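Per-entry structural report
The primary structure of each chain is shown beneath.
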Amino acid sequence: MTQTRPRAEMPAPERDKLNEIEKQEWLDSLAYVMANAGDERAAQLLEDLDYYAYFHGAPIQFKQNTPYLNTIDADQQPVYPGDIALELKIRNIIRWNAVAMVVRANKNSDGIGGHLASYASTAELLEVGFNHFFRGHGAGNDRDLIFYQGHISPGIYSRSFLEGRFDEGRLNRFRRELSKDGPGLSSYPHPWLMPDYWEFPTVSMGLGPIQAIYQARFSKYLENRKLKPASDAKVWAFLGDGEMDEPQSVGALRFAAYENLDNLIFVLNANLQRLDGPVRANSKVIQEFEALFRGAGWNVIKVVWDGKWDELLNKDYNGAIVKRFELLVDGESQRYAAFGGKELREKFFNTPELQKLIEGWSDDDLELLNRGGHDVNKIYAAYSAAIKHKGSPTIIIARTIKGYALGESAMGRNVAHQVKKLDFAALKTLRDTLKLPLSDEQVEHIEYYTPGPDSPEVKYIKEHREKLGGEIPTRIVKYEMPAVPGEDFYAEYTKGSGEREVSTTMALVQVISKLLRDKELGKLIVPIVPDEARTFGMDALVPRIGIYSPRGQTYTPVDSGSLMAYKESKDGQMLEEGITEDGAMSSWIAAGTSYANHGIPTIPFYVFYSMFGLQRVGDLVWAAADQRAKGFLVGATAGRTTLAGEGLQHQDGNSILQGYVVPNMKHYDPAFAYELAAIVEDGIKRMYVDGEDIFYYIMVDNENEVQPPAPDVENLHDAIVKGLYRFQKSESKAKLRAQLLASGPAMGAAQEAVKLLEGYGVAADLWSVTSYKELHQDALAVQRRNMLHPTEAPQVSYLASQLSKENAPGVLVSVSDYIKLGADGLNGHLDRKLWTLGTDGFGRSEAREELRDFFEVDAKHVTVMTLYALLRDGKIKGDVVQKAISEFGIDPERLAPVLR
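The present account deals with the structure reproduced in this document.

Basis of the calculations
- All chains use their own residue numbering, which begins from 1 and follows the written sequence.
- Local features are withheld for residues below a pLDDT of 70 in this predicted model, meaning they are given only at 70 or higher, and side-chain atom pairs are given and counted only at 80 or more; totals for whole chains, interfaces and linings count all residues.
- To get the side-chain values, all heavy atoms of the structure are used, and hydrogens and water are removed first.
- In this scheme, a residue with accessible area under 20% of its type's maximum is buried, one over 50% is exposed, and one in between is partly exposed, where area comes from a 1.4 Å probe on protein chains only.
- Helical segments are the DSSP runs of H or I of at least four residues, strand segments are the runs of E of at least two, and each set is numbered from the N terminus.
- When DSSP finds two or more bridges between two strands, those strands count as paired.
- Lines fitted to C-alpha atoms define the axes, with helix axes restricted to the stretch in contact, and inter-axis angles between N-to-C directions lie between 0 and 180 degrees.
- Each angle gets one of four labels, with under 35 degrees taken as roughly parallel, over 145 as roughly antiparallel, 65 to 115 as roughly perpendicular, and the rest as oblique.
- Definitions for this section: a left-handed crossing has its near helix turned counterclockwise from the far helix by less than a right angle. A right-handed crossing has that turn clockwise.
- Note on definitions: a residue-residue contact is assigned when non-hydrogen atoms from the two residues lie within 4.5 Å.
- Joining through side-chain atoms within 4.5 Å is the link that ties buried Ala, Val, Leu, Ile, Met, Phe, Trp, Tyr and Cys residues into a set, and such a set is a nonpolar core.
- Taken from the helix axis, the directions to the C-beta atoms give the arc we talk about.
- Note on residue classes: Ala, Val, Leu, Ile, Met, Phe, Trp, Tyr, Cys and Pro are nonpolar, Asp, Glu, Lys and Arg are charged, and everything else, Gly too, is polar.
- In this scheme Phe, Tyr and Trp rings, the latter by its six-membered ring, pair at centre separations within 6.5 Å, and the angle between planes marks the pair as stacked below 30 degrees, edge-to-face above 60, and tilted otherwise.
- Only when the NZ of Lys or the CZ of Arg is both within 6 Å of the ring centre and within 35 degrees of the ring normal is a charge said to sit over the ring.

Taken across its 7 residues, strand S3 (residues 264-270) has 7 buried, putting it largely inside the fold. On S3, burial covers both faces: Leu 264, Phe 266, Leu 268 and Ala 270 on one face and Ile 265, Val 267 and Asn 269 on the other are all buried. Strand direction decides the pairing type here: strand S2 (residues 235-240) and S3, joined by 6 bridges, are parallel. Bridged to Trp 236 within S3 is Ile 265.

The subject of this paragraph is the packing of helix H4 (residues 117-132) against helix H17 (residues 376-388). Two numbers describe how H4 lies on H17: the axes approach to 10 Å, and their chain directions differ by 60°. When the interaxial angle is binned, H4 and H17 end up oblique. Crossing hand, H4 versus H17: right-handed. Within the contact between the two elements, H4 uses Glu 124, Leu 125, Val 128, Gly 129 and His 132 and H17 uses Val 376, Ile 379, Tyr 380 and Tyr 383.

Counting 188 residues, the largest nonpolar core has Ile 213, Phe 266, Trp 298 and Leu 633 as the members making the most contacts within it. The dominant element in this core, judged by the number of residues it contributes, is helix H27 (residues 673-689), at 10 residues. Ignoring any residue separated from it by four or fewer positions in sequence, one finds Trp 298 in contact with Ile 213, Leu 253, Ala 256, Ala 257, Leu 264, Phe 266, Phe 293, Ser 392, Pro 393, Thr 394 and Ile 395. The next biggest cluster of nonpolar side chains, apart from the first, holds 69 residues, and it includes Leu 125, Leu 171, Tyr 383 and Leu 434.

Its place among the elements puts Ser 586 in helix H23 (residues 581-592). With sequence-adjacent residues up to four places away left out, Ser 586 is seen in contact with Ile 210, Gln 211, Tyr 214 and Leu 620.

Among all positions of helix H14 (residues 341-348), only Gly 341, Glu 343, Leu 344 and Phe 348 are buried. Buried residues along H14 cover an arc of 155° about the axis, so they all sit on one side. The secondary structure elements touched by the buried residues of H14 are helix H11 (307-314), helix H12 (320-327), helix H13 (330-339), helix H15 (352-357) and helix H16 (363-367).

Moving on: the sheet that holds strand S10 (residues 575-576). Judged by pairing direction, the sheet is parallel, and its 6 strands sit side by side in the order S10-S7-S11-S12-S14-S13 without closing on themselves. One side of each edge strand has no neighbouring strand; the edge strands of this open sheet are S10 and strand S13 (665-668). Alignment of strand S12 (residues 632-636) against strand S14 (residues 695-699), held across 4 bridges, turns out to be parallel. Its bridge partner lying in S14, Phe 632 is registered against Tyr 696. Across the sheet, helix H25 (residues 614-626) touches strand S11 (603-609), S12, S13 and S14, and the angle it forms with S14 is around 160°.

Attention now goes to the packing of helix H3 (residues 84-108) against helix H18 (residues 424-434). Two elements in contact, H3 and H18, have axes separated by 10 Å at closest approach and are oriented at 165°. In terms of orientation, H3 and H18 fall into the roughly antiparallel class. In this structure, the crossing between H3 and H18 has a hand that is left-handed. Residue-level contacts link Asn 92, Arg 95, Trp 96 and Val 99 of H3 to Leu 427, Leu 430, Arg 431 and Leu 434 of H18. When the residues that make up the contact of H3 with H18 are grouped by side-chain class, the tally is 5 nonpolar, 1 polar and 2 charged.

Turning to the packing of aromatic side chains, a few remarks are in order. Summed over all chains, the structure comprises 49 aromatic pairs. A centroid spacing of 5.4 Å and a plane angle of 70° characterise the contact between Tyr 80 and Tyr 380, whose relative ring orientation is edge-to-face. Note that Tyr 80 is positioned in the loop between helix H2 (39-55) and H3 and Tyr 380 in helix H17, a separation of 300 residues in sequence. Comparing Tyr 80 with Tyr 380, the two get one shared label, buried. Seen from their ring centres, Trp 835 and Tyr 868 are 5.3 Å apart, and the 80° between their planes marks the pair as edge-to-face. Taken together, the residues span a long stretch of sequence, with Trp 835 in strand S20 (residues 834-837) and Tyr 868 in helix H34 (residues 859-872) at a distance of 33 residues. Taking the relative accessible area as the measure of exposure, Trp 835 reaches 15% and is therefore buried. Accessibility expressed as a relative area gives 30% for Tyr 868, which makes it partly exposed. Above the face of the Tyr 188 ring, Arg 175 is positioned so that its terminal group lies 5.1 Å from the ring centre. The aromatic ring of Trp 835 is capped on one face by Lys 833, whose charged end is 4.7 Å from the ring centroid.

What follows is the structure in structure tokens.
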């Protein structure tokens, strides 16, 4: 085609005509390439053209979105392998029983709760997976891990009921777990409450997505380290569009793509509604998520419209429907779901072009125009494409209707999430919609429906589950534990460090390093750090065990050739997660549940800045506890006064309480290396050999000091684990007696206070408290036992026996680098008051000595508190205390640290 003059000079009609001709020539050329060389060659040519245009200055606009259509065309859909009619009957039965379960529960106990609408919207998405994709334990290494959307639990229970795993009584005890009639069903997925059934807790929204990402990554980690054979196993995560507003839902998306997690599939149930109403009423949430995930490097598959829309799209030669789709917003879509065909005719098909497309269609015909997430053919096509995709994670965004099939009271309504009850009329309508053979009397009594174990429906789901590896969800714990080292392995730590000064953080690194060298256990140790290896002295491990990277090391590091060279490798053992405590904690959970999920008992040590630990990831810690994770969380640089210079945000005085609230978390604050070694030994044995569903939080500090040898204390190991032992007995003959309790970084102040008190005629014994939580829990258990056995001789707690007036005479004073409330919990379980010192208040940027003076936990304040306790005990006069205050230069009028 020859152009005789610049196009800009042409008259508009002539220019437009030329543009159309030119466009058609390009399209014809592209069609020729696609027909003769294939789609991939056509895509390559377009990419080459894109590069050429960019480098020659053509302003090509980047598009994050594809049109608001299904990603997979109708002519690309595979043939559905199942019995569609029979599967519809199965879904209808499960839908009914899920509703009956919740409605019955609320009829029997008003306000007990439960959710109807979420499962109603996701039934097709789940059933296609259950019948054709999700592989159970029988699939071996190819078994899938599945994160179920928390609010859909009634539907999962109802499927298990149809399979014969639960009886009617069990369904009747939904949300009634304390019933005397038998075990109940937990409100949501909770492995702690149903340890043989659920695997992952997901209802604290946002935690499912990030945990799924790191579970998928850990599967790759195990395979690359040859701890697990290479497999085709997938991690599926079913998510709600509303929960994607949680930062944890989207915070690790780029990481998943960087790690090439093609074993990860998100299924986003886009019913366009969250708890109170539309997710994005004035926009299209599906398009927003497509842009987000495509930008992060994910493979995106949209399932927007069902097969009935294909009839209209196939005859829409001018693209009128596609243009109308682009104008659609979610608030408008919600009205169509709620009000049906009449609303669709009046409001959507609102131009002559669109009206012509539906000539001859009744409102009932328009009712059949559904969302893609309810079309099993569309879902199957998406799942098939997802499991075949390589190189990146996949998200399937499926458009559904919240409360689908539940009628006017819930379907597509803002109140859908809160609907717990349906009246008789609504239940009859639901029965008729689902075409179930239930009489009005059965509906009125909200009876469950099951066609019987020999019915085609039950046989069908059982046969399909058997082919896919058995019943799910199911949690099975089965692993072989290698020999674990005993006390001899840790003996070196009982000898002390001689003249060398070592912090407990460094002692921990030495313990980990030694465990890594163990021939049996070493391969199972998983060190995890969030970009702080050098801070914690763990950089020496890097050249030895390597940092895990699925890409290996494709560059020469700047410190190449040095002893501490940075080393990444495909079989690297350390997980260096970058600056993401949520990500690192999710990695720890994946490693800590590997014993159950993979039958491989990996032992994770997650070492983090103490202040940025439990305070930042508390919700994930609770989820870890729920799913019975095992391993060690280590709060390094712990304590309010040990981290010199860092100030308010970094100095941790809170973890002692944040860890206390987690029921199955063992919480320790060791002062010495030998204590730390004993705690680690105890943890490995109890968690992995004895099989206790517990995990450990250990606080270690960064203050270098000479580590003493272990004292000659009877049953020292057991005493350390129980939480208390006498570290040093006073040899003074003074009549005034005191017992000083210290833990972790506060031990130094207590040791110095012992000497200062001698100058005031006080003989003080020094006790090491390794765990206030263990002491308190044991005391509470004994108290409860005595209360419930009032006619029997009362038992004595370990705490009370050790600190009785006979065994430990004098006043009791504790000092901690954490807030006072930790130690205060022991009051009421002793035969006298325990006076406590702690670091209540905000941190400051200062050196250690000044910080301890500010928080009143240094030796002089311990001394004054002890003297004051003796005053209150009637042993000395007030002028003795006043003299000490004056001699130490303490200002009695200054504000308490908590107020400053």
